[in-house]
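Summary of structural features
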Amino acid sequence: MTRDPAICGGEPVVTGTRVTVRTVLASLAKGIDTEELLQDFPTLSRDSIRAVIAFAALSADEGLPPAGLPAVAGGSSSMRTCRRD
């Protein structure tokens, strides 16, 4: 995940996209399945959707995302936490 003030007002987004974590989580909460999300947002992958869920779980557990996210099983994870440049 990336957080950059120049992208989507600084909201966390899936790295390399303009898809916000909030958008993915809200879509899943509405019952939209992974396949539909992938069709609606072709820049996402199954791994990135799982990474969003992991990011949200860690954020809820710790209050803020830790410095590193665990790799998603079944694929390489190029996801990273937000950083300030």
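Provided above is the structure to which this section pertains.
Treat the numbers as computed from the prediction; the structure is a model and nothing was measured. (Residues numbered from 1 in each chain as written. Predicted model: local features only at pLDDT ≥ 70, side-chain atom pairs only at ≥ 80, totals over all residues. Heavy atoms only, no water.)

1. Examining the pattern of salt bridges
Under the definition given, this model contains 3 salt bridges. Of the charged contacts, one joins Glu 11 and Arg 22 as a salt bridge, the two residues approaching to 3.0 Å between their closest N and O atoms. Here Glu 11 is found in the segment before helix 1 (21-29), whereas its partner Arg 22 is found in helix 1, with 11 residues between them in sequence. Judged by relative accessible area, Glu 11 falls into the partly exposed class, the value being 28%. Taking the shortest distance from any N to any O, the salt bridge between Arg 46 and Glu 35 comes out at 2.1 Å. A residue pair is termed long-range when its members are at least 10 positions apart, and Arg 46 in helix 3 (residues 46-62) and Glu 35 in helix 2 (residues 34-40) qualify at 11 residues. (Salt bridge = Lys/Arg side-chain N within 4 Å of Asp/Glu carboxyl O. Helix = DSSP H or I, 4+ residues; strand = E, 2+ residues; numbered from the N terminus. Buried < 20%, exposed > 50% of the residue type's maximum accessible area, 1.4 Å probe, protein only.)

2. Let's talk about the nonpolar core
Among soluble globular proteins, nonpolar side chains are generally buried collectively. Listed in full, the 12 residues of the largest apolar core are Met 1, Val 14, Val 19, Val 21, Val 24, Leu 37, Leu 38, Leu 44, Ile 49, Ala 51, Val 52 and Phe 55. Elements represented by at least two residues in this core include exactly helix 1, helix 2 and helix 3. (Core = buried A, V, L, I, M, F, W, Y, C linked by side-chain atoms within 4.5 Å.)

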